[in-house]
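Notes for the structure review
Here are the chains, one letter per residue:
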Amino acid sequence: MTPGFAGHTLKIMLIPLRELPPEGALFTLADQSAWLAPIRAFGMKCAVSRPLVASVSVIPAESGCLARGRLAGTVVLPCNRCAEDASVSLTADFEEFEPLPEKARENGEESRIVLRDGVPLLDLDALCWEEFLLALPLAPLCRPDCKGICPACGTSLNNGPCACARDGLDPRLAALRGLKMR
Ligand SMILES: [Zn+2]
Ligand SMILES: [Zn+2]
């Protein structure tokens, strides 16, 4: 814990790496606008139903920094099968080494460290945003056994069979099938 950093929720979290003590410092990204702004900017269908909070310990190193943390919260995404609300509880632990920008360029990687007048600053917002994207499920479901929507009429099959299914059980059609079998 470093006085002046710990407990502070900055609007844009740019952390001056050279000012950190060797053992690092803990930062908390709990300002919901830090998550909601990019969600809106990217036009993502994603609502936050339990505040997203990332706690990240940042340990400076000669060639960059180590970021170790946890992201937690609950979001509501469209179900992959029926597009209804799917509540997704997120808990993700992560550990990333962020190289200094020039080192990253050499390796063809991207860095979340920016240089301002030669001073390396870790863009914690960007780091947490990437961890958030990684933590999202590829195919969120409103419930594990979601039956999806009928491809013919678009009705959600979670509320029971649609008219198409009932047509399949139409007594007249059943009678025809019966005729064929005879
Ligand atoms: Zn569903
Ligand atoms: Zn149908």
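A few points on the structure. In this text the structure is predicted, and so the values were computed from the model without any measurement.

**Details of the packing of aromatic side chains**
If you walk through the whole model with that rule in mind, you get three aromatic pairs. On the basis of an interplanar angle of 35° and a centroid distance of 5.2 Å, the ring pair of Trp129 and Phe132 is categorised as tilted. Of this pair, Trp129 and Phe132 both sit in helix 3 (residues 124–135), three residues apart, which is roughly one turn of the helix.

**Digging into the coordination of the zinc ion (ligand 2)**
Looking at the metal site, the zinc ion (ligand 2) is ligated by Cys150 (SG), Cys153 (SG), Cys162 (SG) and Cys164 (SG), spaced 2.2 to 2.4 Å from it. Taken together, the four donor atoms coordinating the zinc ion (ligand 2) and their angles of 107 to 114° define a geometry best described as tetrahedral. Along the chain, the residues donating to the zinc ion (ligand 2) fall in the pattern C-x2-C-x8-C-x1-C.

**A look at the coordination of the zinc ion (ligand 1)**
Here the zinc ion (ligand 1) is held by Cys79 (SG), Cys82 (SG), Cys142 (SG) and Cys146 (SG), and the distances to it run 2.3 Å. Viewed at the metal, the four donor atoms of the zinc ion (ligand 1) are separated by angles of 106 to 113°, and the geometry they form is tetrahedral. Considered as a linear motif, the donors of the zinc ion (ligand 1) on their single chain read C-x2-C-x59-C-x3-C. With Cys82 in the loop between strand 4 (64–78) and strand 5 (85–99) and Cys142 in the loop between helix 3 and helix 4 (163–168), this residue pair connects regions lying 60 residues apart in the sequence. Exposure remark for Cys142: the relative accessible area of 28% places this residue in the partly exposed category.

**Some thoughts on the environment of Leu136**
Mapped onto the elements of the fold, Leu136 is located in the loop between helix 3 and helix 4. Put simply, Leu136 and Ser89 are 47 residues apart on the chain and 9.3 Å apart in space, counted from C-alpha to C-alpha. Excluding residues that lie within four positions of it along the chain, Leu136 makes contacts with Met44, Val75, Leu77 and Leu90.

**Section: the environment of Pro101**
Along the polypeptide, Pro101 turns up in helix 2 (residues 101–106). Accessibility expressed as a relative area gives 12% for Pro101, which makes it buried. For the pair Pro101 and Leu115, spaced 14 residues apart in sequence, the C-alpha separation works out to 7.6 Å. Setting aside residues no more than four positions away along its own chain, Pro101 makes contact with Ser111, Ile113 and Leu115.

**Digging into helix 3**
Over its twelve residues, helix 3 extends 16 Å from the first C-alpha to the last, a length consistent with the 16 Å expected when each residue adds 1.5 Å. Within helix 3 the residues assigned to the buried category are Leu124, Asp125, Leu127, Cys128, Trp129, Glu131 and Phe132. Two to three positions downstream of the cap, the backbone nitrogen of Asp125 sits 3.3 Å from a side-chain oxygen, assigning the N-cap of helix 3 to Asp123.

**Here's the deal with helix 1 (residues 33–41)**
Residues of helix 1 that are buried include every one of Ala34, Trp35, Pro38 and Ile39, and no others. Down the axis of helix 1, the buried set is contained in an arc of 125°. They therefore lie on one face. In helix 1, the exposed positions that point more than 90 degrees away from the buried face belong to Arg40 and Ala41. In this structure, the buried side of helix 1 is in contact with strand 2 (25–29), strand 3 (47–61), strand 4 and helix 3.

**Quick notes on the nonpolar core**
Counting residues in each nonpolar core, the largest one holds 32 residues, and the members touching the most others are Val56, Val58, Val75, Leu124 and Phe132. Every element with two or more residues in this core is listed here: strand 2, helix 1, strand 3, strand 4, strand 5 and helix 3. Ignoring any residue separated from it by four or fewer positions in sequence, one finds Val58 in contact with Ile15, Leu17, Leu20, Gly24, Ala25, Phe27, Cys65, Leu66, Leu122 and Leu124.

Rules behind the numbers
Residues numbered from 1 in each chain as written. Chains lettered and ligands numbered in written order. Predicted model: local features only at pLDDT ≥ 70, side-chain atom pairs only at ≥ 80, totals over all residues. Heavy atoms only, no water. Phe/Tyr/Trp six-rings, centres within 6.5 Å; stacked < 30°, edge-to-face > 60°. Helix = DSSP H or I, 4+ residues; strand = E, 2+ residues; numbered from the N terminus. Donors = N, O, S within 2.8 Å, 3.2 Å for Na, K, Ca; no water. Tetrahedral: all angles 85-135°; square planar, octahedral: opposite > 155°, others 65-115°. Buried < 20%, exposed > 50% of the residue type's maximum accessible area, 1.4 Å probe, protein only. Contact = heavy atoms within 4.5 Å. Expected span 1.5 Å × (residues − 1). Polar contact = N/O pair within 3.5 Å; in protein donor to acceptor, adjacent residues only side chain to side chain. Arc of directions from axis to C-beta. Core = buried A, V, L, I, M, F, W, Y, C linked by side-chain atoms within 4.5 Å.

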